[in-house]
Amino acid sequence: MSVQLESSWLAVLGEEFEKDYMLQLKQFLQEEKKKGKTIYPPGAEIFNAFNLTPFDDVKVVILGQDPYHGAGQAHGLSFSVKENVKLPPSLQNIYKELSDDIPGFKIPLHGNLSSWAKQGVLLLNATLTVEAGKAGSHQNQGWEVFTDAAIKALSLHKEKLVFILWGKFAQQKIALIDTGKHFIIKSAHPSPFSAYSGFFGSKPFSKTNHYLVQQGKKAINWHFF
C-alpha cells in the first residue's frame, strides 16, 4: 500500500502510518493480494475521499461503512460509483430524497459524487477496502482506527462542520464528535431496508445548506450538470 495522501491530511494523519495497526493492515492487504484475492477499490483510489477533499476544505462529512464489493463500483468515496456503473439501491434512494428536498434537482444518469467531494463534502467510509464479492470482509483489520482518527481530527481542529450520519453504525461515531461545535444530522440509512423508516423526508441536504449559510459558508451545489 503505497500512500499518496493530500498534504493537509498528511499533516494531520501522517503519524498514523507509522503505528503498529497500520503496518499490520498493510501486511494484511499484501497477503490477501498474494493469495490472488481481488480488493476494491484499486490501490490508487483507496484514499480518494481524502485526496479529493483536503482537510482544510472539509465542510460536510457523509459517513458510510464499507466500499461497494462489486466489480468497478468502489472508487474511494462513500455511496459513490463511477460513471457507467449501475446505481446501487442506497444511492438511488439518496437521489430520490434529493429530488424531494432540493428544488429543481434532476436525478442524474450516473452515480459519481466527485463534484460534491470537490466542494468540501468528505465522503468517508469507515473501512476503506473490501474483498470482491464479500461485504464487510475487511472490517476490524485497522481501517476503523484510521478513519476514527480522521473524524476526531476534524472534530478537534475544525469549526462548525456538518456530520451526516445515516443508520446506527454511522451514529455510533457521535462519540468521536464535539456536538457543541458541530452540527449533526442523523436519520435512518438510505438502504431499501430502512429508507422508509425515517430517511425519506429527512431533508438532510437542505438542512446542511441552511446551516452552512448561517455560518457564513458557501452552500453545497448538490446538482449535477
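Model, not experiment: these values are computed from the prediction. (Residues numbered from 1 in each chain as written. Predicted model: local features only at pLDDT ≥ 70, side-chain atom pairs only at ≥ 80, totals over all residues. Heavy atoms only, no water.)

A. Local environment of the sheet that holds strand S3 (residues 121-125). Here we have four strands laid out as an open sheet, ordered S3-S2-S5-S6, and parallel in their pairing. The strands lining the two open edges of the sheet, one partner per strand, are S3 and strand S6 (183-187). Each strand of the sheet is rotated relative to its neighbour by a mean of 20 degrees, with strand direction disregarded. Strand direction decides the pairing type here: strand S2 (residues 60-64) and strand S5 (residues 162-166), joined by four bridges, are parallel. For valine 61, the partnering residue across the bridge sits in S5 and is phenylalanine 163. The strands that helix H6 (residues 143-157) touches are S2, S3 and S5; relative to S3, the one it contacts most, it runs at about 150 degrees. (Pairing = 2+ DSSP bridges. Helix = DSSP H or I, 4+ residues; strand = E, 2+ residues; numbered from the N terminus. Axes fitted to C-alpha atoms, helices over the stretch in contact; angles between N-to-C directions. Contact = heavy atoms within 4.5 Å.)

B. Region of the structure containing the nonpolar core. Counting residues in each nonpolar core, the largest one holds 68 residues, and the members touching the most others are Trp9, Phe50, Trp116 and Phe146. Ranked by residue count, the leading element in this core is H6, at seven residues. (Core = buried A, V, L, I, M, F, W, Y, C linked by side-chain atoms within 4.5 Å. Buried < 20%, exposed > 50% of the residue type's maximum accessible area, 1.4 Å probe, protein only.)

C. Layout of the pattern of salt bridges. Counted according to the given criterion, the structure contains nine salt bridges. The salt bridge partner of glutamate 16 is lysine 19, with a shortest N-O separation of 2.9 Å. Take glutamate 16: its relative accessible area is 11%, and that puts it in the buried class. We classify lysine 19 as partly exposed; its relative accessible area is 37%. (Salt bridge = Lys/Arg side-chain N within 4 Å of Asp/Glu carboxyl O.)

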